[in-house]
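# Fold and geometry: a report
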Number of protein chains: 2
Amino acid sequence: MPEQIPADSVGLIEPRQAVFEEPIDLVCGHTLPRYELVYETYGQLNSRRDNAILICHALSGHHHAAGYHSMDERKPGWWDSAIGPGKPFDTNRFFIVSSNNLGGCNGSTGPSDLNPETGRRYGPDFPFVTVKDWVTTQHRLMRHLGIDQWAAVIGGSLGGMQAIQWAIDYPDALRHCFAIAAAPRLSAQNIGFNEVARQAILSDPEFHGGHFYEHDTVPRRGLMLARMLGHITYLSDDAMRAKFGRELKQGRLGYGFDVEFQVESYLRYQGTSFVDRFDANTYLLMTKALDYFDPAAEFNDNLVAALRRAQAKFLVIAFTSDWRFSPARSGEIVQALVDARRAVTYAEVEANHGHDAFLMPITYYHEVLRAYMARIEQEGAAA
Amino acid sequence: MPEQIPADSVGLIEPRQAVFEEPIDLVCGHTLPRYELVYETYGQLNSRRDNAILICHALSGHHHAAGYHSMDERKPGWWDSAIGPGKPFDTNRFFIVSSNNLGGCNGSTGPSDLNPETGRRYGPDFPFVTVKDWVTTQHRLMRHLGIDQWAAVIGGSLGGMQAIQWAIDYPDALRHCFAIAAAPRLSAQNIGFNEVARQAILSDPEFHGGHFYEHDTVPRRGLMLARMLGHITYLSDDAMRAKFGRELKQGRLGYGFDVEFQVESYLRYQGTSFVDRFDANTYLLMTKALDYFDPAAEFNDNLVAALRRAQAKFLVIAFTSDWRFSPARSGEIVQALVDARRAVTYAEVEANHGHDAFLMPITYYHEVLRAYMARIEQEGAAA
């Protein structure tokens, strides 16, 4: 809880709700008759309406990217280090929009909401959503906000993939695309980790086939395991060594299954605290959306052909110690953009934080973002 | 099941049981009044009794390293590619001993055995065992077999760590030490993966605090998850890409939680088949033994000082794509041996199989083993 809001914060923020009564046909074949998206905005839309930026969140992220919901909030939004007055995504210059993905559990319509057709919570009946569906819903949100074109669509990890899908699906709706710590599609190893996480949830007896709400319970153990595993893949081996090493919680070995090493304590804490703020059905859907993401698939597995559809200019950023979506994976995106004759800027940022680096205020990383944002602003002024 | 036993196989093998009535004081502080070790031998002990080799197994391994238990056995022992007449560990020249670690579930005394003090199965009451304890028990086995000194103690992964512990704890009981795909101790990331595996088992309602035998059940889901996760860390990202890519089991996406990608099918198979052949309590103990392994700890965290105790010559082998125990970790062992002025041969083998490479008949790898074994044989002849 901040004693007072820092001067470079966007301050107290009130999330808003957008209701869409027009049905949406999802990629999986199902139709949602109506849905809502929760979103936040920071900064002001200018009179030319050309300074709007869309932020896309990662797997377990949400719309609350910057500022505080109340003076009691312990931590600001998840990308507060980058969003605010004078920060890389400068709210004195840009109008920033951040929405929670469809299927989420933070305010947008998702599995824990009531299904109007049955009067019960959706649970496992909530349809599978894809990155493409999210882009469609965000495009409607864009219209809803009176915006014709984003100055940039920006995201890290799954959010970066979403930005790429935006550039392909709505080529003239964005001028710039930021794909940070992303990949053109998941590897077998990536899918493998997701599958272990899913099996942990699905096999938890408290999951009740996804109808756990009606049993007044949650699949705590499964969701905890999924999150613990996720955290290992978000950090680098080096970062974990620096952070925990082999430090013992009690100073000596206990020869038991209670926490012995600090890293165990950290992972258990991350796992248990996640259970209180995330929905297991949403987690399943999000991992599936990751697995399914493959924009080249619609173009005969040709990523170059897919990206040739894009009109945006690209900023691709990778982090040296990221082994979830390594620099080599960003390299695949860059190579395909070059082959598609699309404008691309690429930065490989030295960082030992692993995949999580995209959330950190690393100096060179933020300088790259600032420099690129200044370019966008100049282009806007020249137009 | 082999139609006929291959000519370069050690053939049909009968495991033997060694009973030790002398109590053993374990590192954890507990004493086992008696225990048994199951082991196999291949080849003949020579008249000088100087051609004996000890093979140490990995986390989920066992004593059955080569040959067949019966003509019905589908696959030979786990290191059959390296052990046999004319193979790198040539049974025409060496007498090879392979035992199941104490606490195991393949014939050596372990949690699924009856506790003579209670008449019930040990379950969670089986004491914690360490790599050091295994070395002590194997030293007794050595005496039991009438061997004074091993020509070599050899192991991969956890087995390689065991070989290092042998060299430190019984310096004059081995002439050579092979540490293959090993590490001087686990990193925080390694411990993190083990902890997720343990939590999967411990949190399974069928675990019953380790007393699942009495409930006539097994913690299937937990053990399955642990094994699935293990398999991801045994393979490299590249190996998984080569093996599965993003191939779909049914040729198209199903938008459901049944198997969609081949890699999911593989992991589920590995997970479910493991449950039928491995004990959950043993799995917990083995992961803890891995976490605890830290020979430097007894020497003020000084690995050089620990290795200065050793008299053996070392062969250290690492595999380029092994990210569980990477070449950098083997490099730490090599550096400490050099600093301790101990004889060391090091080979980094180009292989895309990940950690599992140590089990594969990779040409350069096997040539290195052959060359080193020829050296051992020549030294034996010269002595």
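See the structure printed just above.
What counts as what
Residues numbered from 1 in each chain as written. Chains lettered and ligands numbered in written order. Predicted model: local features only at pLDDT ≥ 70, side-chain atom pairs only at ≥ 80, totals over all residues. Heavy atoms only, no water. Helix = DSSP H or I, 4+ residues; strand = E, 2+ residues; numbered from the N terminus. Rg over C-alpha atoms; globule rule 2.2 N^0.38 Å. Buried < 20%, exposed > 50% of the residue type's maximum accessible area, 1.4 Å probe, protein only. Pairing = 2+ DSSP bridges. Axes fitted to C-alpha atoms, helices over the stretch in contact; angles between N-to-C directions. Contact = heavy atoms within 4.5 Å. Phe/Tyr/Trp six-rings, centres within 6.5 Å; stacked < 30°, edge-to-face > 60°. Lys NZ or Arg CZ within 6 Å of the ring centre and 35° of its normal. Buried area = accessible area lost by both parts, 1.4 Å probe. Salt bridge = Lys/Arg side-chain N within 4 Å of Asp/Glu carboxyl O. Polar contact = N/O pair within 3.5 Å; in protein donor to acceptor, adjacent residues only side chain to side chain. Nonpolar A, V, L, I, M, F, W, Y, C, P; charged D, E, K, R; others polar.

Helix and strand content of chain A: ten helices and twelve strands. Relative to the 2.2 N^0.38 estimate, which gives 21 Å for 383 residues, the radius of gyration of chain A is 21 Å and therefore close to what a compact globule would have. Projected onto its principal axes, the C-alpha coordinates of chain A cover approximately 65 × 50 × 50 Å. Evaluated residue by residue, chain A yields a buried proportion of 60% over its 383 residues.

Moving on, we come to the sheet that holds strand 5 (residues 52–56) of chain A. Residues and elements named next belong to chain A. Spatial strand order, 1-4-8-5-9-10-11-12: eight strands in an open sheet with mixed pairing. Among the strands making up the open sheet, the edge pair consists of strand 1 (16–20) and strand 12 (344–349). Within this sheet the neighbouring strands show an average axis-to-axis angle of 20°, counted without direction. Relative to strand 8 (residues 95–99), strand 5 runs parallel, the two sharing four bridges.

This paragraph deals with the sheet that holds strand 4 (residues 35–42) of chain B. Remark on secondary structure: sheet strands pair via backbone hydrogen bonds, oriented parallel or antiparallel. Residue and element names in this part refer to chain B. The mixed open sheet is built from eight strands, whose spatial order is 1-4-8-5-9-10-11-12. Single-partner strands in this sheet number two, and they are strand 1 (16–20) and strand 12 (344–349). Going from strand to strand, the sheet's axes swing by 20° on average, the running direction of each strand aside. By the bridge criterion, four bridges tie strand 5 (residues 52–56) to strand 9 (residues 152–156) in an arrangement that is parallel. Each bridged residue has a counterpart across the sheet, and for Ile-55 the counterpart in strand 9 is Ile-154. Sitting on the sheet, helix 1 (residues 131–144) is in contact with strand 1, strand 4, strand 5 and strand 8 (95–99), with an inclination near 60° to strand 4.

Another aspect to go through is the packing of aromatic side chains. Residues and elements named next belong to chain A. Inspection of the entire model under this criterion finds 41 aromatic pairs over all chains. Taking 4.9 Å as the distance between ring centres and 80° as the angle between the ring planes, the aromatic pair formed by Tyr-122 and Phe-126 counts as edge-to-face. Per residue, the accessibility class of Tyr-122 equals that of Phe-126, and both read buried. On the numbers, 6.3 Å between centres and 90° between planes, the contact of Trp-150 with Trp-166 is edge-to-face. Taken together, the residues Trp-150 in the loop between helix 1 (131–144) and strand 9 (152–156) and Trp-166 in helix 2 (residues 158–169) connect sequence positions 16 residues apart. You'll find Trp-150 and Trp-166 in the same group, each marked buried. Across the ring face of Phe-274, the terminal group of Arg-227 is positioned such that the distance to the ring centre comes to 4.2 Å.

Here we come to the interface of chain B and chain A. Facing 53 residues of chain B, the contacting portion of chain A comprises 53 residues. Summing the contributions of chain B and of chain A, the shared interface buries around 4,600 Å²; its carbon and sulfur component is 69%. Between the two partners, chain B and chain A, sit ten salt bridges. The salt bridge partner of Arg268(B) is Glu195(A), with a shortest N-O separation of 2.5 Å. Where chain B touches chain A, the interface holds 20 residue pairs in polar contact (both at pLDDT 80 or more). Only helix 3 (188–202), helix 4 (220–234), helix 5 (237–243), helix 6 (262–275) and helix 7 (280–292) of chain B provide two or more residues apiece to the side of chain B that touches chain A. No other element matches helix 3 of chain B, which puts eleven residues into the side of chain B that touches chain A. In terms of residue class, the side of chain B that touches chain A is built from 29 nonpolar, nine polar and 15 charged.

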